[in-house]
Amino acid sequence: MNRYGLRDIIGPVMVGPSSSHTAGALAIAAMARRLCAAPPAAVAFTLYGSFAHTGRGHGTDKALVAGMLGIAADDLAVRDSFALAEQAGLDVAFAFDTDTEPEHPNTVDIAVTDRDGERLTLRGVSIGGGAAVLTRINGVEVNVTGEHTSVVVHQRDVRGVLAHISSCLARCGVNIATAHLYRTAKHDDAYTVMETDDLVDEITREVILDHPAVYDVRVIAPSFADHDGDPVCVPKDADEAFERWDYPDGAGLLATCEAEGCTIAEVFYRREQALRATQGVTAEVHPYLRRVLSVMRDAATGPLTHPVPSTGGLIGGEAQLMTRACADGAALLDPLAATAASYALAVLETNAAMGRIVATPTAGSAGVLPAVLLSLQDHRGFTDEQLMDGLLTAGAVGYVIARNASVSGAEGGCQAEVGSAAAMAAAAAVAMAGGTPAQCLAAGANVLMSLLGLVCDPVGGLVEVPCQKRNATAASIALVSAQIALAGVENLISFDEAVTVMDEVGRGLPFELRESALGGIAAAPSACAWCNACC
């Protein structure tokens, strides 16, 4: 988690409806595809836990197939992945195991046969916010995150193989970041997984293969290498620079702001530059932020004039209704709050229709931050540059939550998703209004305490009801929490304490109240009747 960056918190840019169940699932399958020596010919998926209970409603099945086809998470073609798989001759099978209890609620097993007849099995886990980890390859326990270039070597466990791999990488100018050996038994099959600071080309792969005890070498390129940033040499002082700007918690963030004389946005900007340098990639921060704002704006404004029905059939048109109701001067809400609510409803409509959104920090909470930022721009005149500072502030706060708690509904309930998003939005609003770093975190703490214990209970496993309305109400809570902090109202509970309590409460929630669609609103009679009607 300490290597989470801007794109992990303000992102990914993706097709809805769920960052953990859609984008994260796609990331797992994409890594599986990269491990294949030839294009996949047949693949079988077995889903467990929350994946199994809500996989169809969240588009997990479509995302897994899209990942095997090499489709990017922000490509609208994700919606048509089954038809595209049929056209490509990829045979697909699914099993939904709702009885087995996995270690992580978002778990999938993949068995793939490529066109050369080679078979590969692996297990992947979606850990929230679109991030994923491979935990098993061909029955061997591993830990592959995809954050760095990963070199996966299948070998016989004999003396000298590790030295051979290391020397090959050194001769080819590749620096090793981490190295782990996983083996089934002494002198039996083993896997060496090395994460490198540099990209690994085909020539390097062939050099490693030139050893009698090496069976195979697969390379998984980091996810960011597919989208933006040019590969560069890792500076010698990259890790030192990262340590200077990194921070473990809210107190550390405030200490860094004071020591460096910087705002929260400036600290997170410098941290992102340093982080990308350690990954051997140029830090294209502002172009990415401009793209984020563009996607957010499209998602928040499109449904106001052109309503989009959701794939699940539960929502569509609410944002337009809200806008019309608040346009006649008789609305209960003031214009700022009314606009924020309309924008939040609209983003969730876009998301539920498998449109393009920005997970902030997840797809299920993607409406809160753009609602607050864009409504403040409309009614308070903030510029795009100020909104980008707001995004950086939100990212800095979201990173603290992700590192010390969770932003996944399957792990911590809706408080971890919508609660985190509203805390991020509140901090961003304070920063844009000229508040201090301490006031930004105070606003975030106000939100977390207000939404503590909020359960994740999507009807039918869809990111539609009650998710859409929660995003709208959370936008208002973010604005109120920001104003309280700006007024100088003191907090008894610190931001870090609020994060810790949220984590404890989230982990104490029963499985039925953590994105399983088995409890809360999802178990209300009307919800159950609707689900039965759709079976």
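What counts, and at which threshold
Residues numbered from 1 in each chain as written. Predicted model: local features only at pLDDT ≥ 70, side-chain atom pairs only at ≥ 80, totals over all residues. Heavy atoms only, no water. Helix = DSSP H or I, 4+ residues; strand = E, 2+ residues; numbered from the N terminus. Buried < 20%, exposed > 50% of the residue type's maximum accessible area, 1.4 Å probe, protein only. Areas by Shrake-Rupley, 256 points an atom, 1.4 Å probe, with all protein chains shown as cover. Lys, Arg positive; Asp, Glu negative; His and termini not counted. Charge placed at Lys NZ, Arg CZ, Asp CG, Glu CD. Axes fitted to C-alpha atoms, helices over the stretch in contact; angles between N-to-C directions. Parallel < 35°, antiparallel > 145°, perpendicular 65-115°, else oblique. Left-handed = near helix turned anticlockwise from the far one by under 90°. Contact = heavy atoms within 4.5 Å. Pairing = 2+ DSSP bridges. Patch = residues over 30% accessible without salt bridge, like charges linked within 9 Å, V, L, I, M, F, W, Y side chains within 5 Å. Salt bridge = Lys/Arg side-chain N within 4 Å of Asp/Glu carboxyl O. Expected span 1.5 Å × (residues − 1). Polar contact = N/O pair within 3.5 Å; in protein donor to acceptor, adjacent residues only side chain to side chain. 1 Å grid on protein atoms, 1.4 Å probe; cavity = no way out; pocket = protein on both sides within 12 Å on 5 of 7 lines; lining within 4 Å. Points joined across faces, edges and corners; volume = space filled by probe spheres on them. Nonpolar A, V, L, I, M, F, W, Y, C, P; charged D, E, K, R; others polar. Disulfide = S-S within 2.5 Å.

## Section: the overall build of the protein
Each helix and strand counted, the protein has 21 helices and 12 strands in total. Per-residue burial for the protein yields a buried fraction of 56% across its 535 residues. Within the structure as shown, the protein displays about 20,700 Å² of accessible surface, and the carbon and sulfur contribution to it stands at 52%. In the protein, the 34 positive side-chain charges and the 62 negative ones have mean positions that sit 3 Å from each other.

## What to know about the packing of helix α14 (residues 368-380) against helix α17 (residues 414-432)
Between α14 and α17, the shortest axis-to-axis distance is 8 Å and the interhelical angle comes to 20°. On the basis of their axis angle, the class for α14 and α17 is roughly parallel. Of the two possible hands of crossing, α14 and α17 adopt the one that is right-handed. Contacts from Val368, Leu369, Val372, Leu373 and Leu376 of α14 reach α17 at Ala421, Ala422, Ala425, Ala428, Ala429 and Met432.

## Some details on the sheet that holds strand β2 (residues 40-48)
Taken in spatial order, the 6 strands line up as β3-β2-β4-β5-β6-β7 in an open sheet, and their pairing is mixed. Only two strands of the sheet have a single partner each, and these edge strands are β3 (91-97) and β7 (140-144). Going across the sheet, the axis of each strand differs from the next one's by a mean of 25°, ignoring polarity. Both strand β4 (residues 106-114) and strand β5 (residues 119-128) contribute to a ladder of 7 bridges, which runs antiparallel. If you follow isoleucine 110 over to β5, its bridge partner there is leucine 122. Sitting on the sheet, helix α2 (residues 19-35) touches β2, β4, β5, β6 (131-137) and β7, and the angle it makes with β5 is about 150°.

## A closer look at a nonpolar patch on the surface
A grouping of Val480, Ile484 and Val489 is seen on the molecular surface, where their side chains present a nonpolar patch of about 230 Å² in accessible area. With respect to the element layout, valine 489 can be found in the loop between α19 (467-486) and α20 (495-508). On the basis of relative accessible area, valine 489 is assigned to the partly exposed category, the value being 46%.

## Some remarks on helix α11 (residues 285-305)
Look at α11: 32 Å from first C-alpha to last across 21 residues, which is about the 30 Å you get at 1.5 Å a residue. Taken together, the buried positions of α11 are occupied by Val285, Tyr288, Leu289, Val292, Leu293, Val295, Met296, Ala299, Ala300, Pro303 and Leu304.

## What about the side chain of threonine 339?
By secondary structure assignment, the location of threonine 339 is in helix α13 (residues 335-352). A distance of 2.8 Å separates the side chain of threonine 339 from the backbone oxygen of proline 335, its partner in a polar contact. If we skip the residues at most four places from it in the chain, threonine 339 touches Ser375, Asp378 and His379.

## What about empty space enclosed by the protein?
Going through the model one piece at a time under the given rule, you end up with 3 cavities of 30 Å³ or more. Approximately 140 Å³ is the volume attributed to the largest cavity. In terms of lining residues, the largest cavity is bounded by 16 residues, among which Gly364, Glu417, Cys456, Val463 and Cys467 are the most central. For the lining of the largest cavity, the secondary-structure elements that each account for two or more residues are α2, α17 and α19. With 3 residues, the single largest contributor to the lining of the largest cavity is α17. Classifying every residue of the lining of the largest cavity gives 6 nonpolar, 6 polar and 4 charged.

## Side note on the state of the cysteines
Enumeration over the complete set of coordinates arrives at 0 disulfides. Cysteine 257 supplies the cysteine sulfur nearest to cysteine 262, a cysteine that is in no disulfide, at a spacing of 7.1 Å. This cysteine, cysteine 456, is not joined by any disulfide, and cysteine 414 carries the nearest cysteine sulfur, 5.5 Å off.

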